[in-house]
Amino acid sequence: MLRYAYLGPAGTFTEQALRSIPEAADAELLPMVTVPEALSAVRTGTADAALVPLENSVEGAVPPTLDGLASGERLMINREVLLPVTFNLYAAPGADLGSIKTVASHPHGLAQCRGWLRTNVPDAELITSPSTADAAEGVVRGDWDAAVCAPVAGQRYDLAELAVNVADNAAAVTRFILVTRPAPPPARTGADVTSLVAFIHHDRTGALLEVLTEFAVRDINLTRIESRPMKERIGRYCFFLDCDGHIEDDRVGEALMGLRRVCEDVRFLGSYPRANADHEGDGRAKPSDDDFADAAAWLERVRAGGA
Ligand SMILES: O=C(O)C(=O)C[C@]1(C(=O)O)C=C[C@@H](O)C=C1
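All residue numbers refer to position in the chain's written sequence, counted from 1. Residues qualify for local features only when their pLDDT is at least 70, as the model is predicted, and side-chain atom pairs are given and counted only at 80 or more; totals for whole chains, interfaces and linings, by contrast, use all residues. Hydrogens and water molecules were not included; the side-chain quantities draw on all heavy atoms of the structure.

Caption draft 1: Examining the overall build of the chain more closely. Each helix and strand in the chain was counted, giving 10 helices and 15 strands. Overall, the chain is about 85 × 45 × 35 Å in size when its C-alpha atoms are taken along their principal axes. Relative to its full complement of 307 residues, the chain shows a buried share of 49%. Every residue pair with non-hydrogen atoms within 4.5 Å of one another is taken to be in contact. The long-range fraction of contacts in the chain, counting pairs at least 24 apart against all pairs at least 6 apart in sequence, stands at 76%. Of the accessible surface of the chain, which amounts to about 14700 Å², a share of 52% is contributed by carbon and sulfur atoms. Charged side chains of the chain number 29 positive and 44 negative; the gap between the two group centres comes to 5 Å. Only runs of H or I of at least four residues qualify as helices and only runs of E of at least two qualify as strands under DSSP, and these elements are numbered from the N terminus. The buried label applies to any residue whose accessible area, calculated with a 1.4 Å probe on protein chains only, is under 20% of its type's maximum; exposed applies above 50%, and partly exposed to all values in between. Using the Shrake-Rupley algorithm and a 1.4 Å probe, accessible areas are obtained, with residue cover drawn only from the displayed protein chains. The convention is simple: Lys and Arg are positive, Asp and Glu are negative, and His and the chain ends are not counted. Charged groups are reduced to one reference atom each: NZ for lysine, CZ for arginine, CG for aspartic acid, CD for glutamic acid.

Written as structure tokens, this is what we have:
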């Protein structure tokens, strides 16, 4: 039986996202307290895969996930899951809004409900917890008065619903990734994402431009770029890049080779099906895949002395 680690406890958005993966239905689900623990379960072999949050459409990146992918033994992204996230405010049965002095949630949960909390419980102290479901559990433990979490967590921990849809942006979506130990990527679908970390030569003028150029000259659409400090000293960053396409695509393979030439190091994080099938790319795709194949065949021919 496959074992899937995830950011737990039961009732997190991550668990909901994991349950949307068909293979997880028959798997053993292993709740972990933090993202680094979930990633480490995969590295040590305690789990076959881990589902962790990567970014939110309102709050941006989840730093422990980026840091856990950039360093340590290499892991690979095998799949992405997009989940709309809606938050409610829960407290112990019998409580009302006026009695709430402390509210806990995951930092991303608190950030997404900042405006509502400031308006409706202006004097409450905001406490960060490892996950939204841990915040709900903390209400049961008596650690704090209320939790901002998913409706499923409120129900699971038998809490009283004090307010619904307390997020400042009702359309928020979180992107989760399923990571495994290094393995051949899932087959190309024609609507794929490739993720990598580029470690540039810091003292070289235009080093980042060189990286971007490898994509631009091959008409590869970049869909995300994000920097994280490398933690050795101020001013050192690595760059997380997502682009359209699969490592098996000629243009993406060529771009990766180009990056390998111009960067200090490149960490390939995987090619996997894009979850938002309505994503249109830049709509140009010129030169076409056939043009890349044709150019490769032409090079072979002229190298061999042909026309
Ligand atoms: O705490 C949870 O429920 C999670 O799954 C984590 C997480 C996150 O890291 O962004 C996931 C989605 C929400 O945006 C808030 C928290």
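Caption draft 2: Spotlight on helix α2 (residues 35-44). Restricting attention to buried positions, one finds in α2 the residues V35, A38, L39, A41 and V42. The arc enclosing the buried residues of α2, seen along the axis, measures out at 150 degrees, which places them on a common side. Buried residues in α2 make contact with β1 (3-7), β2 (28-32), β3 (49-56), α3 (63-70) and β11 (173-180). Count one or two residues on from α2 and you reach G45, which has phi positive near 90 degrees. In this context, the arc is that of the directions from the helix axis out to the C-beta atoms.

Caption draft 3: View of the domain arrangement of the chain. Along its sequence, the chain is carved into domain 1 (1-85 + 172-183), domain 2 (88-163) and domain 3 (184-307). Across the boundary between the two partners, domain 1 contributes 21 residues, which contact 24 residues of domain 3. Values labelled buried area give the accessible surface lost by two parts on being combined, using a 1.4 Å probe and summing over both. Broken down residue by residue, the surface that domain 1 buries against domain 3 is led by L66, I77 and E80, which jointly contribute 28%. The salt bridge definition used is simple: a Lys or Arg side-chain nitrogen within 4 Å of an Asp or Glu carboxyl oxygen. Taken together, domain 1 and domain 3 are joined by four salt bridges. Notably, a salt bridge pairs E55 with R224, separated by 3.9 Å at the nearest N-O pair. Elements represented by at least two residues in the side of domain 1 that touches domain 3 include exactly β3, α3 and β5 (76-84). Sorting elements by how many residues they give to the side of domain 1 that touches domain 3 places β5 first, with six residues. Polarity classes work like this: nonpolar for Ala, Val, Leu, Ile, Met, Phe, Trp, Tyr, Cys and Pro, charged for Asp, Glu, Lys and Arg, and polar for all others, with Gly in that last group. Among the residues making up the side of domain 1 that touches domain 3, the classes are represented as 11 nonpolar, three polar and seven charged. Residue ranges for the domains originate in an automatic or database domain assignment.

Caption draft 4: Up close: the site of the ligand. Only a single heavy atom is needed: when it lies within 4 Å of a molecule or strand, its residue is near that molecule or strand. The immediate surroundings of the ligand are formed by 14 residues, with F13, T14, H106, Q112 and T132 found nearest. For the ligand, an oxygen atom lies 2.5 Å from a polar atom in the side chain of T14. Whenever a nitrogen or oxygen atom comes within 3.5 Å of another N or O atom, the pair is scored as a polar contact, on the condition that within protein one atom can donate a hydrogen and the other can accept it, and that pairs from neighbouring residues in sequence are kept only if both atoms are in side chains. Q112 is positioned with one of its side-chain polar atoms (N or O) 2.9 Å from an oxygen atom of the ligand. Here the ligand loses 100% of its free accessible area of 360 Å² to cover by the protein chains.

Caption draft 5: How the structure looks around the nonpolar core. Here, the term nonpolar core denotes a set of buried Ala, Val, Leu, Ile, Met, Phe, Trp, Tyr and Cys residues that are joined through side-chain atoms within 4.5 Å. In this structure, L51, F87, L89, V103, L117, V148 and V166 are the most contacted members of the largest nonpolar core, which totals 47 residues. Counting contributing residues, this core receives three or more from each of domain 1 (1-85 + 172-183) and domain 2 (88-163). Filtering out sequence-adjacent residues up to four positions away, L89 remains in contact with L97, V103, W116, A146, A147, V148, A160, E161, L162, A163 and V166. Core analysis: the second largest hydrophobic core is formed by 28 residues, L30, A38, I177 and V193 among them.

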